[in-house]
Amino acid sequence: MLARRASLAIASVAAVAAACSLADLSGLSDGALPNDPAVEAGPPGIIDGAVPDGAIPVDAGTNDAAPKGFCEAAGPHTLCDDFDTTADPGWTSFEKFGGGSGARDLGVFASPPASYAVKTPMVSPDGGEAWMFPIRAIPIATKHVHLEAKVQACAPVGDYVFLSINNNATTYGTIDFGTRPTVNGGETFMVVRHDGLSKDFKLGPALPSTRFVRVVIDTDIDKTSGSVKLSIDGVVVVDATNLPTDQAATVTKRSVFAGVYAYESPACSARIDDVIIDAN
């Protein structure tokens, strides 16, 4: 089962993760725009800024402040990354396996000037897997997790997880969100799996590869009566309560990721942007 394989795969790499840095910004333009339009002339009688006799001078004031980037406007969070600078916003590591890769993309983004492009190669249909995702470890005592990201999915149909909230006890518990093949094409799904519970949500057609979709997952963590809420582009599509969202055994590790995990699937090129993680 994908979620189980994904979670086990995450477990195998988390212990040997190495932090990766994002590409630098050298080579970006200085923001100058060619062919700026000429300034229009003022009304008759005003030359070179002079004020006619009897007129009341007007204070030019100050220019409006530059627009804020997504994370600057979002305020404080456990982690916020819009991938617009090379500064590390607090990811624990950048995980990759099986040929997965990631880099800032200055050409396609949800908020300018960049997103994070994640890629996996074609993986074999006999248990092959690959991944590339930034991952954030969160405190074991966490009782609520908020994860949101803007996701532009892969074009091919395949088994892909783009967002995950998972923990480790004797086995892995997970909340995975992604796309997968169906008889009639592909679909979007979310699965909640903890101990003996496996709850699967079929969410309609596969996410688009031509635009970003805002995905928000909120979960209250409890061994017997937790909850999971999922919204896509502002519409609540899952609101599940009274289900185990934590392992019965003592949890030794919790983490959150946004990127791509591929299982027995064609090559994938996806993007993530405007990621927010809150762990309380």
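Residues numbered from 1 in each chain as written. Predicted model: local features only at pLDDT ≥ 70, side-chain atom pairs only at ≥ 80, totals over all residues. Heavy atoms only, no water.

1. Some points on the sheet that holds strand β9 (residues 185-194)
And then number 1: The sheet built from 7 strands is open, its strands ordered β2-β5-β14-β7-β8-β9-β10 with antiparallel pairing. The strands lining the two open edges of the sheet, one partner per strand, are β2 (93-97) and β10 (197-205). Strand-to-strand, the axes of this sheet are offset by a mean angle of 15°, without reference to chain direction.
And then number 2: As defined by bridge partners, strand β7 (residues 159-168) adjoins strand β14 (residues 253-263) across 9 bridges and the pair is classed as antiparallel. Opposite Tyr 160, over in β14, you have Ala 262 as the bridge partner. (Pairing = 2+ DSSP bridges. Helix = DSSP H or I, 4+ residues; strand = E, 2+ residues; numbered from the N terminus. Axes fitted to C-alpha atoms, helices over the stretch in contact; angles between N-to-C directions.)

2. Let's talk about the nonpolar core
Inside soluble globular proteins, nonpolar side chains tend to come together where they are buried.
And then number 1: Judged by nonpolar contacts, the single largest core of 44 residues is most densely connected at Phe 162, Leu 163, Phe 177, Met 190, Val 215, Ile 217 and Val 275.
And then number 2: Broken down by element, the residue count for this core peaks at 6 residues, all from strand β15 (residues 268-279).
And then number 3: Filtering out sequence-adjacent residues up to four positions away, Val 215 remains in contact with Leu 147, Glu 148, Ala 149, Val 151, Leu 163, Phe 177, Leu 230 and Ser 231.
And then number 4: One finds Phe 189, Phe 257, Tyr 261 and Tyr 263 within the second-largest nonpolar core, a separate group that totals 9 residues. (Core = buried A, V, L, I, M, F, W, Y, C linked by side-chain atoms within 4.5 Å. Buried < 20%, exposed > 50% of the residue type's maximum accessible area, 1.4 Å probe, protein only. Contact = heavy atoms within 4.5 Å.)

3. Brief notes about the state of the cysteines
And then number 1: Under the definition given, this model contains 2 disulfides.
And then number 2: Each sulfur of the disulfide joining Cys 71 and Cys 80 lies 2.2 Å from the other. The disulfide joining Cys 71 to Cys 80 has a torsion of about -90° about its S-S bond and is therefore left-handed. As far as the burial class goes, Cys 71 and Cys 80 line up, both buried. (Disulfide = S-S within 2.5 Å.)

4. Let's talk about the environment of Thr 245
And then number 1: Summarising the element assignment, Thr 245 is placed in the loop between β13 (235-243) and β14.
And then number 2: Take Thr 245: its relative accessible area is 3%, and that puts it in the buried class.
And then number 3: Spatially, the C-alpha atoms of Thr 245 and Lys 143 are 10.0 Å apart, while their sequence positions differ by 102 residues.
And then number 4: Look past the residues within four positions of Thr 245 in its chain and what remains in contact with it is Asn 167, His 194, Thr 219, Asp 220, Ile 221, Asp 222, Gly 226, Ser 227 and Val 228.
And then number 5: Looking at Thr 245, its side chain comes within polar contact range of the main-chain oxygen of Asp 220, at 2.7 Å. (Polar contact = N/O pair within 3.5 Å; in protein donor to acceptor, adjacent residues only side chain to side chain.)

5. A closer look at the confidence of the model for the protein chain
And then number 1: Residues of the protein chain with pLDDT of at least 70 account for 76%, and the chain-wide mean is 82.
And then number 2: Throughout residues 1-62 the model reports pLDDT below 50, and contacts reaching past four residues in sequence, or to other chains, amount to 66 contacts. (pLDDT = per-residue confidence, 0-100.)

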